[in-house]
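Structure at a glance
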Amino acid sequence: MRASLPLLLCLGLVGCQQRGSDLTGQVLFTANGTFDPQADLRRREGKGMRSVEWRSKPPLPASAVRVVYDSDARPLAWQMTVERPTFTPTDLRGSGPRPVDTPRGHATLFTQGRLNGVLLVRSGPREFTLLTRAYAEQHDPAALPAFRPAP
């Protein structure tokens with residue numbers, strides 16, 4: 001019985017690594033705090049908001065990643081900025097992208113898959129931001145019309 005426990009733990013860890021090895025999984029694990037212990041900076045932003053930032057070893061293939069989140073509802077209310085990624089938004093496959101307009105310009109709303117309900121907005125030529133509807137409701141209400149169902 002004791003000999004099987006390490007084997008089960010090892011198999012469980014391998015399974016977790018395999019599930020998170022795809023890009024979409026990495027994005028979600030990053031947003032939900034899995035990689036926070038390796039972050040370069042962790043801050044309290046005030047009003048229940050916190051942020052975490054990676055510059056030396058980002059958890060995504062990019063030069064830097066920053067996540068701002070509601071400390072009481074992190075899985076639901078977060079915004080992630082990805083600087084100089086080595087991947088494109090289209091690499092987040094299987095997420096049913098729908099083009100939408102926002103005050104910041106053209107954006108993509110994922111309408112299915114694991115990123116269902118996440119909005120992707122280009123923040124600059126080599127930067128984009130992902131945000132959830134719950135985050136927009138609290139901190140970026142101008143983006144809320146982009147979350148409406150398609151006509």
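Just so we're clear, the structure is a prediction, and the values are computed from it rather than from any experiment.

Judged by nonpolar contacts, the single largest core of 23 residues is most densely connected at Leu60, Val67, Trp78, Met80 and Leu130. Mapped onto this core, the elements with two or more residues apiece are helix 2 (23-32), strand 2 (49-54), strand 3 (64-70), strand 4 (78-83), strand 7 (118-124) and strand 8 (127-132). It is helix 2 that contributes the most residues to this core, 4 residues altogether. Setting aside chain neighbours within four positions, we find Leu60 in contact with Leu23, Gln26, Val27, Thr30, Val65, Met80, Val82 and Phe87.

Most of helix 2 is tucked away: 8 of the 10 residues are buried. The set of residues buried in helix 2 consists of Leu23, Thr24, Gly25, Gln26, Val27, Leu28, Thr30 and Ala31.

It is worth spelling out the side chain of Ser51 at this point. When you line up the elements, Ser51 lands in strand 2. A distance of 2.6 Å separates a polar atom in the side chain of Ser51 from a polar atom in the side chain of Glu45. Among residues more than four places away in sequence, those in contact with Ser51 are Leu41, Arg42, Arg43, Glu45, Arg66, Val67, Val68 and Tyr69.

Now for the pairing of strand 7. Each regular strand displays side chains that alternate between the two surfaces of the sheet. In terms of strand pairing, strand 6 (residues 105-110) meets strand 7 through 3 bridges, oriented antiparallel. Note on strand 7: the bridge partner recorded for Leu109 is Leu119. Bridge count for strand 7 against strand 8 is 6 bridges, and the pairing is antiparallel. Within strand 8, the residue paired with Leu120 across the bridge is Leu130. Between strand 7 and strand 8, which follow one another and run antiparallel, lie 2 residues.

In this section: the packing of aromatic side chains. According to the stated counting rule, one finds 1 aromatic pair in the structure shown. The aromatic ring of Tyr69 is capped on one face by Arg74, whose charged end is 3.8 Å from the ring centroid.

As a further point, take the pairing of strand 6. Two elements, strand 5 (residues 97-102) and strand 6, share 6 bridges in a ladder whose sense is antiparallel. Directly across from Pro99, in strand 6, lies its bridge partner Thr108. Two successive antiparallel strands, strand 5 and strand 6, enclose a turn made up of 2 residues.

Criteria and thresholds
Residues numbered from 1 in each chain as written. Predicted model: local features only at pLDDT ≥ 70, side-chain atom pairs only at ≥ 80, totals over all residues. Heavy atoms only, no water. Core = buried A, V, L, I, M, F, W, Y, C linked by side-chain atoms within 4.5 Å. Buried < 20%, exposed > 50% of the residue type's maximum accessible area, 1.4 Å probe, protein only. Helix = DSSP H or I, 4+ residues; strand = E, 2+ residues; numbered from the N terminus. Contact = heavy atoms within 4.5 Å. Polar contact = N/O pair within 3.5 Å; in protein donor to acceptor, adjacent residues only side chain to side chain. Pairing = 2+ DSSP bridges. Phe/Tyr/Trp six-rings, centres within 6.5 Å; stacked < 30°, edge-to-face > 60°. Lys NZ or Arg CZ within 6 Å of the ring centre and 35° of its normal.

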